[in-house]
Amino acid sequence: AIEQGRLVFQNVRKVFTYLVADDFSELFLFFMSVGFGLPLPLLPAQILWINLIEDGFPDIALTTEQETKGLMEEKPRNPAEPILNRSLKKWMAAIFFITGFAAFLAFFFILKATGDLQKTRTMIFALMSIDSLIFAFSLRSFKRSIFRKDIFSNRYLTGAVFFSIILLLLAVYWPVTQKLLSTQSLNILEWALIFSISLTEILLIEFFKKKIFR
């Protein structure tokens, strides 16, 4: 009963962190872009798609997480301790800066290199979506690394992420959603750049997770 109670509380923290981290990363991106006099990096429809479609399924799947390793070895939690404790605040601040700043740099340099605002927005849209989906796996545990053998053991989360990737591809390549979201088809090199940025981000996020929650 104690283990399940701790598990439920941890899952609440994971869902809360997932939603807030994504939203504040987008805000950071927008504030930086506006501050530098750049166009809006994402359109309202694209933001809604990320928050409702890409984030929605992994967010629900995180509630099914059964990561109990080391849970009973932790000290009893103070009943007055808030959901967002000091360690989570530090980690979330790192996430805001890493993902938001990376997205801003990508938006700035891709726009300057291509001069194509719609293409650039499509790449930032895809980048923010991929970031969210990879970050969901990092949130499976505050103590354990994302780089482990059983990272895909939560079949609900794995299925949710896979389904969200299919929807992301539809958003980028299907003519109907292209018109709705103002997206363009991306080539293999553009996807390679997106995944390279996401991999760099998750490495930094995992570094700070290990440093803060050790």
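Refer to the structure above for everything that follows.
Predicted, not measured: the structure shown is a model, and the values here were computed from it. (Residues numbered from 1 in each chain as written. Predicted model: local features only at pLDDT ≥ 70, side-chain atom pairs only at ≥ 80, totals over all residues. Heavy atoms only, no water.)

**Student:** Just checking my understanding: could you explain the side chain of Asn 11 for this structure?
**Tutor:** Topologically, Asn 11 is positioned in helix H1 (residues 2-35). A polar atom in the side chain of Asn 11 sits 3.0 Å from the backbone oxygen of Glu 65. Excluding anything up to four places from it in sequence, Asn 11 contacts Leu 62, Thr 63 and Glu 65. (Helix = DSSP H or I, 4+ residues; strand = E, 2+ residues; numbered from the N terminus. Polar contact = N/O pair within 3.5 Å; in protein donor to acceptor, adjacent residues only side chain to side chain. Contact = heavy atoms within 4.5 Å.)

**Student:** Mind showing me how you'd approach the pattern of salt bridges here?
**Tutor:** If the charged atoms of two oppositely charged side chains come close together, the side chains can form a pair. In this structure the tally under the stated criterion is five salt bridges. Of the charged contacts in the structure, one is a salt bridge between Arg 140 and Glu 65, with a shortest N-O distance of 2.8 Å. In this pair, Arg 140 is assigned in the loop between helix H5 (117-138) and helix H6 (155-173) and Glu 65 in the loop between helix H3 (56-62) and helix H4 (86-114), connecting sequence segments 75 residues apart. With respect to class, Arg 140 is no different from Glu 65; both count as buried. Put simply, Glu 206 and Lys 209 hold a salt bridge, and the shortest N to O gap is 3.0 Å. (Salt bridge = Lys/Arg side-chain N within 4 Å of Asp/Glu carboxyl O. Buried < 20%, exposed > 50% of the residue type's maximum accessible area, 1.4 Å probe, protein only.)

**Student:** How should the side chain of Glu 26 be read in this particular structure?
**Tutor:** When you line up the elements, Glu 26 lands in helix H1. Arg 121 provides the closest opposite charge to the buried, unpaired Glu 26, separated from it by 14 Å. Setting aside chain neighbours within four positions, we find Glu 26 in contact with Ile 47, Ile 50, Asn 51 and Met 128. (Lys, Arg positive; Asp, Glu negative; His and termini not counted.)

**Student:** For this particular structure, what's the right way to read a nonpolar patch on the surface?
**Tutor:** A cluster of nonpolar side chains, Phe 162, Ile 165, Ile 166, Leu 169, Leu 170, Tyr 173, Trp 174 and Val 176, forms an exposed patch at the surface whose accessible area comes to about 710 Å². Per-element accounting of the nonpolar patch gives the leading share, six residues, to H6. (Patch = residues over 30% accessible without salt bridge, like charges linked within 9 Å, V, L, I, M, F, W, Y side chains within 5 Å. Areas by Shrake-Rupley, 256 points an atom, 1.4 Å probe, with all protein chains shown as cover.)

**Student:** Teacher, can you tell me more about the packing of aromatic side chains here?
**Tutor:** The geometry of an aromatic ring pair comes down to the distance between the two centres and the angle between the two planes. In this structure the tally under the stated criterion is 15 aromatic pairs. The interplanar angle of 90° and the centroid separation of 5.2 Å between the aromatic rings of Phe 108 and Phe 109 together place this pair among those described as edge-to-face. With 5.3 Å between their ring centres and 80° between their planes, Phe 207 and Phe 208 make a pair best called edge-to-face. Take Phe 207: its relative accessible area is 48%, and that puts it in the partly exposed class. You can call Phe 208 partly exposed: its relative accessible area is 30%. Each residue in the set Tyr 18, Trp 91, Phe 135, Phe 142 and Phe 213 is aromatic and connected to the rest through ring pairs, giving one cluster. (Phe/Tyr/Trp six-rings, centres within 6.5 Å; stacked < 30°, edge-to-face > 60°.)

**Student:** What's the story with the nonpolar core in this structure? I'm lost.
**Tutor:** The tendency in soluble globular proteins is for nonpolar side chains to be buried as a group. Grouped together as the largest cluster of nonpolar side chains are 30 residues, with contacts concentrated most on Leu 42, Ile 124, Phe 125, Trp 191 and Ile 194. The set of elements that each furnish at least two residues to this core consists of H1, helix H2 (44-54), H4, H5, H6 and helix H8 (188-213). For Leu 42, the contacting residues outside a window of four places in its chain are Leu 29, Phe 30, Ile 47, Ile 50, Arg 121, Ile 124, Phe 125 and Met 128. (Core = buried A, V, L, I, M, F, W, Y, C linked by side-chain atoms within 4.5 Å.)

Purely geometric stuff here, so don't read any function into it on its own.
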